[in-house]
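So you can see what is in the structure, the chains are spelled out below.
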Amino acid sequence: MNHLPVLPVLLPLLAAALALLVPRRSIAAQRLVAWLSTGALLAVAILLARQAGQGEVLVYLLGDWPARLGIALTVDRLGALMLLTTALLAIPCLLYAGAGWDRRALHFHALFQLQLAGLNGAFLTGDLFNLFVFFEVLLIASYGLMLSGGRGPRMSAGLHYVAFNITASTLFLVALGLLYGLTGTLNMAEMALRVAEADPGDAALIQAASGILLVVFCAKAALLPLYLWLPETYARAPAAVAALFTVMTKVGAYAVLRVYALVFGSEAGALAGWAWDWLLPAGIATLVLASLGALASPTLRAQAAWLVIASAATLFIAFSLGTPETVSAGLYYLVQSTFAVAALFLIADMIRRQRGKAGDRLDLAAPLGHKTALGLLFLVAAVSVSGLPPLPGFIGKFMLLAAVPETGMAWVWSTVLVTSLLAILALARSGSQLVWRAGSFADAAAAPQPPRAPQRIAVTLLLGYGVALMLASGPALRYTQAAAEQVLAPADYMQQVRGTAPQRRAPSP
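What you see is a predicted model; the values in this text were computed from it and never measured.

Quick word on the overall build of the protein chain
A count of helical and extended segments in the protein chain gives 20 helices and two strands. Dimensions of the protein chain along its principal axes, counting C-alpha atoms only, are 85 × 60 × 40 Å. In the protein chain, which comprises 509 residues, the proportion classed as buried is 60%. Here the analysis covers contacts within the protein chain between residues at least 6 apart in sequence; of these, 78% occur between residues at least 24 apart.

What follows is the structure, encoded as structure tokens:
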């Protein structure tokens, strides 16, 4: 049990290595390795969530070095929540890809496991340099997943995605070098202490370095004006890959909440909370832009990509308000929006394959087989994404609006409500074009094959997560409230991380 915190990184890394050793033609063996790893990962995530739910911060010192010198992995309520969300998302994504697409992508299962290792490491790491390392692991894996088996528009979108993220990674390294030079550490708990005690003459330089870091995190989350890479990339990605990518923008939002609540939180002295003033207007502007983008999208996949940006913008609004209640509502919304938009990507792919050359274009009426079943799946996903009752999208937005301060924040209410209306209109347009106006196959030469059972199960599972989150909204909101209170009061986190001593010390000479 003492080694649980390292397993979310170690298990997928070992599975990726095993998948590479298995001959490519033995797809059944690769799938077996992937399923064993993902199932074990889910079990570990559940155990860590139960342990972290008691309020303890689990600290794992790799190499048994002190946290200020070596690599420290930490698990608190926030990190455990993100681990569990990723593990739950991975299962339907793997199931959908296993319906046949994984045969066409070179080393799909190895790349999939590497992506999980990078995501989990980003949620677990306690220092900024290893946050950079795990960002690179998940990005390199995502490059392979995005480009494998692609051609034409997907290759073009993928190359833009690679170029953008390489630039962001370069800025990340610049910011790390500046912060290390100014504070002498990259461990976040140690850096928080040194920022609070920093010389007033260094305050402007620390702000500049952390401002570069903030730009990098906002680029990962596709916040305005750094969103241009996402719509085309996600719309062109294979369905199972795009569904997994829905959690990648959440990594950027998580990094902002983790780093700036800890290093520039209430314990940071003169620099406390300096970055938060920029997040609310940026989140508001991004939410408006993304809602208009969803309304104008020519395809359902593009619409889902814009809704990913809208969900990230909603998180920045919730986090920037900086109260336990708004952050709690944001964390609840983070989980449900990840599952709902992932389901929308998979539904778009099933509709596209049913409509032949028309694909998922919204300006073309085309035959759609199994219209009732796909229509019901689309309806549930649309209700959850747009925030209509009774599904958890409504609960998350309602809790957010209920927690918005009463004075001077009417524009937040107006923006969230108006953009929700725009999302409803956009999805209603999509449903009417793709399902309501769809013709029959009576005059078609040959009806396409129905979606395979694993594909239907994968979508149903993602939508089932949302229903379960609605039914268990009481315990879920209590957990997110406790997670929000813990992350916004970092003194206990800092004390536990800095106070964790190695188990074994080298004998003195």
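Moving on, there is more to tell.
Notes on the side chain of Thr338
Here Thr338 shows up in helix H14 (residues 324–354). Ignoring any residue separated from it by four or fewer positions in sequence, one finds Thr338 in contact with Thr85, Leu89, Thr246, Val247 and Lys250.

Some words on the nonpolar core
Looking at soluble globular proteins, one finds that nonpolar side chains tend to be buried together. Counting 183 residues, the largest nonpolar core has Leu128, Phe217 and Tyr260 as its most contacted members. The dominant element in this core, judged by the number of residues it contributes, is H14, at 19 residues. Those residues in contact with Phe217, other than ones at most four positions away along the chain, are Leu131, Phe135, Phe172, Gly252, Ala255, Val256, Val259 and Tyr260.

Here's the deal with the pattern of salt bridges
Under the definition given, this model contains six salt bridges. Glu190 is the salt-bridge partner of Arg194, the closest N and O atoms lying 3.3 Å from each other. One end of the pair is Arg194 and the other is Glu190, both in helix H7 (residues 188–196) and four residues apart, which spans about a single turn. On the accessibility criterion, Arg194 (30% relative accessible area) is partly exposed.

Details of the packing of aromatic side chains
Taken as a whole, this structure holds 21 aromatic pairs when the rule is applied. On the basis of an interplanar angle of 90 degrees and a centroid distance of 5.3 Å, the ring pair of Trp101 and Phe108 is categorised as edge-to-face. Assessed through its relative accessible area of 13%, Trp101 is described here as buried. An angle of 25 degrees between the planes, with centres 5.9 Å apart, marks the rings of Phe164 and Trp229 as stacked. Of this pair, Phe164 sits in helix H6 (residues 153–183) while Trp229 sits in the loop between helix H8 (203–220) and helix H9 (230–236), placing them 65 residues apart in sequence. Looking at Phe164, the relative accessible area reads 25%, which means it is partly exposed.

Things to note about helix H20 (residues 491–499)
The complete set of buried residues in H20 reads Tyr493, Met494 and Val497. Along H20, the residues classed as buried sweep out an arc of 95 degrees about the axis, all on the same side. Away from the buried face of H20 by more than 90 degrees, exposed residues Gln495 and Gly499 are located. The inward-facing, buried residues of H20 contact strand S1 (58–62), strand S2 (71–75), H7 and helix H11 (248–262).

Observations concerning the side chain of His109
Along the chain, His109 falls in helix H4 (residues 108–124). Residue His109 is classed as buried on the basis of its relative accessible area of 1%. Here the side chain of His109 touches Asp102 through a polar contact of 2.8 Å, side chain to side chain. Ignoring any residue separated from it by four or fewer positions in sequence, one finds His109 in contact with Ala19, Ile27, Gln30, Arg31, Ala34, Leu94 and Asp102.

Some points on the environment of Gly474
Turning to its location among the elements, Gly474 is positioned in helix H19 (residues 473–488). Note on Gly474: relative accessible area 29%, which makes it partly exposed. Linking Gly474 and Ala15, residues 459 residues apart in sequence, is a C-alpha distance of 36 Å.

Considerations on H7
Met188, Ala189, Glu190, Met191, Ala192 and Val195 are the residues of H7 that are buried. In the core, the buried residues of H7 are packed alongside helix H5 (128–147), H6, H8, H11 and H20. Capping of H7 at its N-terminal end is provided by Asn187; its side-chain oxygen lies 3.1 Å from the backbone amide nitrogen of Ala189.

Concerning the confidence of the model for the protein chain
Should the pLDDT be low somewhere, the predicted coordinates at that spot are not to be read in detail. Mean pLDDT over the protein chain: 87, with 93% of residues reaching 70 or higher. Taken element by element, the predicted model of the protein chain shows its lowest mean pLDDT in H20 (81) and its highest in helix H3 (residues 77–97) (95). Below a pLDDT of 50 lies the segment residues 441–446, which in the model reaches six contacts outside its immediate sequence neighbourhood of four places, other chains included.

As for the packing of helix H12 (residues 276–296) against helix H17 (residues 410–436)
Taken N-terminus to C-terminus, the directions of H12 and H17 make an angle of 20 degrees; their axes are 8 Å apart at the nearest point. In terms of axis orientation, H12 runs roughly parallel to H17. H12 and H17 meet at a crossing whose hand is left-handed. In contact with Leu280, Ile284, Leu287, Val288, Ser291, Leu292, Ala294 and Leu295 of H12, H17 contributes Trp411, Val412, Thr415, Val416, Thr419, Leu422, Leu425, Ala426 and Arg429.

Digging into the packing of H14 against helix H15 (residues 371–386)
At a closest axis distance of 9 Å, the pairing of H14 and H15 adopts a crossing angle of 150 degrees. On the basis of the axis angle, H14 is roughly antiparallel to H15. Regarding H14 and H15, the two cross each other, and that crossing is left-handed. On the side of H14, the interface is formed by Gln336, Ala340, Val341, Leu344, Ile347, Met350, Ile351 and Gln354, while H15 contributes Leu374, Leu377, Phe378, Ala381, Ser384 and Val385.

Criteria and cut-off values
Residues numbered from 1 in each chain as written. Predicted model: local features only at pLDDT ≥ 70, side-chain atom pairs only at ≥ 80, totals over all residues. Heavy atoms only, no water. Helix = DSSP H or I, 4+ residues; strand = E, 2+ residues; numbered from the N terminus. Buried < 20%, exposed > 50% of the residue type's maximum accessible area, 1.4 Å probe, protein only. Contact = heavy atoms within 4.5 Å. Core = buried A, V, L, I, M, F, W, Y, C linked by side-chain atoms within 4.5 Å. Salt bridge = Lys/Arg side-chain N within 4 Å of Asp/Glu carboxyl O. Phe/Tyr/Trp six-rings, centres within 6.5 Å; stacked < 30°, edge-to-face > 60°. Arc of directions from axis to C-beta. Polar contact = N/O pair within 3.5 Å; in protein donor to acceptor, adjacent residues only side chain to side chain. pLDDT = per-residue confidence, 0-100. Axes fitted to C-alpha atoms, helices over the stretch in contact; angles between N-to-C directions. Parallel < 35°, antiparallel > 145°, perpendicular 65-115°, else oblique. Left-handed = near helix turned anticlockwise from the far one by under 90°.

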